[in-house]
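Structural description and commentary
Here's the letter readout for the chains.
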Amino acid sequence: MLIRRRLHPAAVPAALLSGLVLLSGCTLPGDGGQESSGGSAPDARVASPFGNPDGTRPGLAPVTAKDEQARARTLIGGLATKGRGPRTGYARDAFGHAWLDKADGVPFARNGCDTRNDLLRRDGRELRLRDGSDCVVVAMTLDDPYTGTTIDWRKRKAAEVQIDHVVPLSYAWQMGASRWPAAQRERLANDPLNLLPVQGRANSAKGDSGPASWLPPARPIRCAYAVRFAQVAEKYELPVTAADRTAMLRQCGG
């Protein structure tokens, strides 16, 4: 994939400009959904997982302070552990229609916009919306927490940004969600606390792995990722495997 900086707006065809909605205060990001290793200032909106308990603030800031790492170890150490059960019977549809706007009990529900676009709008910068829509994101800049790169994204290459379930749905199924009511599974699948827009390749590499098998390539974010995984597990009273708990503790100095 070509690494480059964002293009000047003049490089974007006028036909594309006429079909997009320019949000107030935004400038046009480069075309093509490419990644950049730099060229963008850090997003001041990005929140530490401890400052974002409901997942409504964007991104995932590193957890580096000693007191926060100690807090992280307390949270992670309090999780129950068990072995992963069978994957038998798992299907994505068991957690509701993908990106359901009607999953009650979570932020952004029933706002007229599907969950995927809610998350793109939460975390993206320099947003462009489809002409005539208040919801559908067609272009944005994303600071990907998992790889530490900046992605200039276009909807025509949608898979270059995917929405990761921090606690994968298959993992949750094997750890007890198979016995949950359907409404609770729908909440987990659409809860912004459990959702991060990230580089598509990184998300595909993760699959349904727990932290013992997969961690974000960007090392500075790994403790924050462990905290977010633990926050979701705690909220939904999900156990984690002993190996996953050990791996999470290790990322936060344990």
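Up top you'll find the structure we're talking about.
Residues take numbers from 1 onward in each chain, read along the sequence in its written order. Reporting in this predicted model follows two pLDDT cut-offs: at least 70 for local features of residues, and 80 or more for side-chain atom pairs to be given and counted; totals over whole chains, interfaces and linings ignore these cut-offs and use all residues. Hydrogens and water are ignored here; the side-chain numbers use all heavy atoms of the structure.

Take the pattern of salt bridges next. Once their charged atoms are close, side chains differing in charge can pair, the charge on each being opposite to the other. When a carboxyl oxygen of Asp or Glu is within 4 Å of a side-chain nitrogen of Lys or Arg, the pair counts as a salt bridge. Going through the model one piece at a time under the given rule, you end up with eight salt bridges. Here Asp208 ties to Arg84 by a salt bridge, and the two come within 3.5 Å at their closest N and O atoms. Linking Asp208 in the loop between α6 (200-206) and α7 (222-235) with Arg84 in the loop between α2 (66-77) and α3 (115-123), this pair joins segments that are 124 residues apart in sequence. With a relative accessible area of 33%, Arg84 lands in the partly exposed category. Residue Arg125 is joined to Asp143 by a salt bridge in which the shortest nitrogen-to-oxygen separation is 3.1 Å. In this pair, Arg125 sits in strand β3 (residues 125-130) while Asp143 sits in strand β4 (residues 137-143), placing the two residues 18 residues apart along the sequence. Judged by its relative accessible area of 16%, Arg125 falls in the buried class. Only DSSP runs of H or I reaching four residues or more are called helices, and only runs of E reaching two or more are called strands; each is numbered from the N terminus. Working definition: with a 1.4 Å probe on protein chains only, accessible area under 20% of the residue-type maximum means buried, over 50% means exposed, and in between means partly exposed.

Turning our attention to the packing of aromatic side chains. Only centres within 6.5 Å qualify two rings of Phe, Tyr or Trp (six-membered ring in Trp) as a pair; their planes then separate them into stacked at under 30 degrees, edge-to-face at over 60, and tilted for everything else. For the structure on display, the rule yields nine aromatic pairs. Geometrically, the ring pair formed by Tyr90 and Phe95 is tilted, given 6.1 Å between the ring centres and 55° between the ring planes. For Phe95, a relative accessible area of 0% puts it in the buried group. With a centroid separation of 6.0 Å and 25° between ring planes, the pair formed by Trp180 and Tyr236 is classed as stacked.

Within helix α5 (residues 182-190) the residues assigned to the buried category are Gln184, Arg185, Leu188, Ala189 and Asn190. We call two residues in contact when some of their heavy atoms are within 4.5 Å. Lining the buried residues of α5 we find α3, β6 (161-165), α4 (169-174), β7 (195-199) and α7.

Bringing the pairing of β6 into the picture now. Counting buried residues along β6, four of its five residues qualify, which places the element largely inside the surrounding structure. In this analysis, strands are considered paired if DSSP registers two or more bridges between them. Pairing between β6 and β7: five bridges, direction antiparallel. Across the sheet, Gln162 pairs through a bridge with Val198, a residue of β7.

Moving on: the side chain of Asp144. Among the secondary structure elements, Asp144 is positioned in the loop between β4 and β5 (150-154). Of the side chains bearing the opposite charge, Arg201 lies closest to the buried Asp144, which forms no salt bridge; the N-O distance is 8.1 Å. The contact partners of Asp144, leaving out residues within four places of it in the chain, are Thr149, Ile151, Pro197, Val198 and Gln199. Lys and Arg are tallied as positive, Asp and Glu as negative. Neither His nor the chain termini are counted.

What follows deals with the environment of Trp180. Examined against the element boundaries, Trp180 turns out to sit in the loop between α4 and α5. Note on Trp180: relative accessible area 14%, which makes it buried. Considered as a pair, Trp180 and Phe95 are 85 residues apart in the sequence and their alpha carbons are 10.0 Å apart. When near neighbours in sequence (up to four residues on either side) are disregarded, Trp180 contacts Arg185, Leu188, Tyr236 and Leu238.

To continue, consider the packing of α2 against α7. Axis angles are defined between N-to-C directions and span 0 to 180 degrees, where every axis is a line fitted to C-alpha atoms and, for a helix, only to the segment in contact. It is the contact of α2 with α7, at a shortest axis distance of 9 Å, that shows an interaxial angle of 35°. Regarding α2 and α7, the two cross each other, and that crossing is left-handed. Residues Gln69, Ala72, Leu75 and Ile76 of α2 form the contact with α7, whose own contacting residues are Cys223, Ala226, Val227, Ala230, Gln231 and Glu234. Here the residues of the contact of α2 with α7 are counted per class, giving seven nonpolar, two polar and one charged. In this scheme the handedness of a crossing depends on how the near helix is turned from the far one: anticlockwise by less than a right angle means left-handed, clockwise means right-handed. Residues are grouped as follows: Ala, Val, Leu, Ile, Met, Phe, Trp, Tyr, Cys and Pro are nonpolar; Asp, Glu, Lys and Arg are charged; all remaining types, including Gly, are polar.

Right, let's talk about the state of the cysteines for a bit. Here, two cysteine sulfur atoms that lie within 2.5 Å of each other are counted as a disulfide. The final tally for this structure, using the stated rule, is two disulfides. Each sulfur in the disulfide pair Cys223 and Cys252 lies 2.1 Å from the other. Across the S-S bond of Cys223 and Cys252 the torsion is about 110°, and the bridge reads as right-handed. Here the residue Cys223 occupies a position in helix α7, and Cys252 occupies one in the segment after α8 (242-251), the gap between them amounting to 29 residues. The pair Cys223 / Cys252 is uniform in exposure class, with both members buried. Bonded cysteines in the chain are paired 1-2, 3-4 when counted in the order they occur along the chain.

Glancing now at the environment of Arg92. Residue position: Arg92 is located in the loop between α2 and α3. Look at Arg92 and you get partly exposed, because its relative accessible area is 24%. When the C-alpha atoms of Arg92 and Ala189 are compared, they prove to be 9.3 Å apart, with 97 residues separating the residues in sequence. Discounting residues that sit within four places of it in the chain, Arg92 has contacts with Ala98, Trp99, His165, Leu169 and Ala189.

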